[in-house]
Each structure stands twice: as C-alpha cells, then as structure tokens.
Amino acid sequence: MRRKKAAFLCLAVIAASVALIAQPDTDGKASKTGGRAVITIYLAGDSTVAAAPRSRAPRAGWGEMLDDWFDDNVMVKNMAASGRSAKSFVEERRLSRILREMKKGDYLFIQFGHNDEKVNDPARYTEPFTSYQSYLKRYIDGARTKGATPVLITPVERRRFSADGRALNSHGLYPAAMKALGEREHVPVIDLTAKSRQRFEQLGPEQTKQLFLWLAPGEHANYPHGIEDNTHFHKRGAKEIARLVVEGIMELNLPLRHHLIRSPKREPIRDRLSDETP
C-alpha cells in the first residue's frame, strides 16, 4: 500500500513539474494559447496603434485592446511604435523583425499615415500615390512571402470638426492611396478612416473628447496641468477603435472572424462610454 502511495505521489510531482515547464514564457499573451497552434496577428503602425507606457496613462493605442476580442487560438503581437511612418518603420528594420518571427497562417495588420504626412521630415515623409504605396507594398510582399495574410488599415481619424459639427478628414489622400493599393494588390482593406469619422460624427464634438486624451488639470496624476490631445486616445477611445477594427474583420469575412468571442455591435456606443471609468 505504501508503495502505491509513493508511486502516486511521484507521478503527481512529475505531472505538476511538466505542467509548469509547459507554460509559455513569451510575451505575456502567449499564456492564452494553452500549447495549441496559434494564429498570430502582428500589428505594424504608429502611436495610435502602439501600447502607451504607464507614464502616459490613461493614453492607449487601439492595438492594446485587440487581443481581448479573440479566443485562445489567436494572439496579438503589437509591434507598432510611436512616431513611425510606413517608411521609417521599414528603415529602422522593424518590419524585418516581424518577418523573422512570422509563420504561415499569421496576419499582418498595417496602419500608417499620421507621420507619413510630415512633409518637413524626410526620414518619415512619403507621398501618397508613390513612396507611400511603395513602402506599403513591402509589408504586403513580406507577409505573403512568409505565407501570412496582409491586411491594410487606413489611418484612424484625428478629432477635427467643422463649425457646424461635421467630422472632418484629416489625412488627405493617404486613405485613398491605401485603398487603391489594396485593390491593385488584392489585399483586404479595413477603412478605419471612414469608420472612425462616422463614429466621431455620431458622437459630436463634445462627446468625442471622451475618446481622446482630454483631461482637466488635476484629473490625472500623469497630466497635472491637463491635456487636450486630438490625436491620441484615452483607454475608452482605444477600446472603441479596436471595436471598429473587429467590425472590419467581420465585414471582410476574414477567417479570423471564427475566433471572435463576442459581437462588436453588442451594445450602443453611448452605453459603452457611460460604463467606462476615467
């Protein structure tokens, strides 16, 4: 009897040790995979996508919020970086880093435009229908070479309104150039420019402040003097923009839709905002 108990205890210890060893130790989000084969969505983009440091909370990029929409078979790796354009992201070899990791069946979501517009900065500026498209094609070709699926995402809008309350286009020809490239190269495109502008117009000039990094003096320790930022998102806004991206996934009928754990149209926008704390 003692031998049986000893053997059972020994087996239990071995099983526990194996379970600990099997736990993935990469990148935090990998723990959701449970050891199964995983589809990875890589995000290439700028500060509106990138994870914000704690020192800038409650600022957040929409890429931080995307992983929560998917089941355990999908992992999001947010490789976006603040201040980058389609050009500088490539020239800094950030795309190369993604492609080294990427495997067949993965996805590459690509959103640039905010910093490509900076005509006085040759390290980042691209012209919409020439160099911008040329750099974006490098992302497309790279992903396809690895057997992955590229998805173009037009740049999310800034908070800009006309005097009569209409949400304005802040990205010039860049969204049109991206859509034209997507059509030419047969790449799916999520028109986040149009989606976000429609959402902002739905909310209006005042309520959109809840989505962006608008804080009164003393409202948050990281911004003692307050801030009025019409480009970067509050955590509330990042969640809402991620929701729009998920809507785009469903509308494009991408296979990723089978791994969504809830519908992006579950509740009205005004209810979502009222439920969010600062």
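Description of the structure in this document. Bear in mind the structure is a predicted one, so any value in this text is a computation, not a measurement.

Conventions used here
Residues numbered from 1 in each chain as written. Predicted model: local features only at pLDDT ≥ 70, side-chain atom pairs only at ≥ 80, totals over all residues. Heavy atoms only, no water. Helix = DSSP H or I, 4+ residues; strand = E, 2+ residues; numbered from the N terminus. Buried < 20%, exposed > 50% of the residue type's maximum accessible area, 1.4 Å probe, protein only. Contact = heavy atoms within 4.5 Å. Pairing = 2+ DSSP bridges. Phe/Tyr/Trp six-rings, centres within 6.5 Å; stacked < 30°, edge-to-face > 60°. Lys NZ or Arg CZ within 6 Å of the ring centre and 35° of its normal. Salt bridge = Lys/Arg side-chain N within 4 Å of Asp/Glu carboxyl O.

Along the backbone of the chain there are 8 helices and 8 strands. Among the 278 residues that make up the chain, the fraction classed as buried is 48%. Partitioning the intrachain contacts of the chain with sequence separation of at least 6 by distance along the chain shows that 75% fall at a separation of at least 24.

A word on the environment of P128. On the secondary structure map, P128 appears in helix α4 (residues 128-145). Residue classification places P128 among the buried residues on the basis of a relative accessible area of 8%. It is 8.4 Å that separates the C-alpha atoms of P128 and A176, two residues lying 48 residues apart in sequence. Not counting the four nearest positions on each side in its chain, P128 is found in contact with Q133, L173, Y174 and A177.

Moving on, we come to the environment of K118. Within the secondary structure, K118 sits in the loop between β4 (107-111) and α4. For K118, the contacting residues outside a window of four places in its chain are R124 and Y125.

Here the focus is the sheet that holds strand β5 (residues 149-153). Strand order in the open sheet made by the 5 strands is β3-β1-β4-β5-β6, with parallel pairing throughout. For this open sheet the edge positions go to β3 (74-78) and β6 (189-190), each flanked by a neighbour on one side alone. The pairing of strand β1 (residues 39-45) with β3 spans 5 bridges and is parallel. Following the sheet pairing, I41 is matched in β3 by V76.

Take the packing of aromatic side chains next. If you walk through the whole model with that rule in mind, you get 7 aromatic pairs. On the numbers, 6.1 Å between centres and 35 degrees between planes, the contact of F89 with Y139 is tilted. Note that F89 is positioned in helix α2 (residues 86-91) and Y139 in helix α4, a separation of 50 residues in sequence. What makes F89 buried here is its relative accessible area of 0%. Their ring planes at 65 degrees and their centres at 5.2 Å tell us that F200 and F212 sit as a pair that is edge-to-face. On the criterion of sequence distance, the pair formed by F200 in helix α6 (residues 192-207) and F212 in strand β7 (residues 212-215) is long-range, its members being 12 residues apart. For the residue pair F200 and F212, the accessibility class agrees, reading buried in each case. These aromatic residues form a ring-pair network of at least three members: F89, F112 and Y139. The aromatic ring of W69 is capped on one face by R262, whose charged end is 3.8 Å from the ring centroid.

Within the structure shown, the criterion is met by 17 salt bridges. A salt bridge links E185 to R184, with the nearest nitrogen and oxygen atoms 3.9 Å apart. Since its relative accessible area comes to 48%, R184 is described here as partly exposed.

Direction of pairing for strand β2 (residues 59-60) relative to strand β8 (residues 227-234): antiparallel, over a ladder of 2 bridges. Its bridge partner lying in β8, R59 is registered against H234.

A separate point is unusual backbone geometry. With an omega of 10 degrees, the peptide bond running from A57 to P58 counts as cis. Residue placement: P58 occurs in the loop between β1 and β2. Although it is not a glycine, H186 adopts a positive phi angle of roughly 60 degrees. You can see H186 is positioned in the loop between α5 (174-185) and β6. Of note, the phi angle at N253 is positive, near 60 degrees, even though the residue is not glycine.

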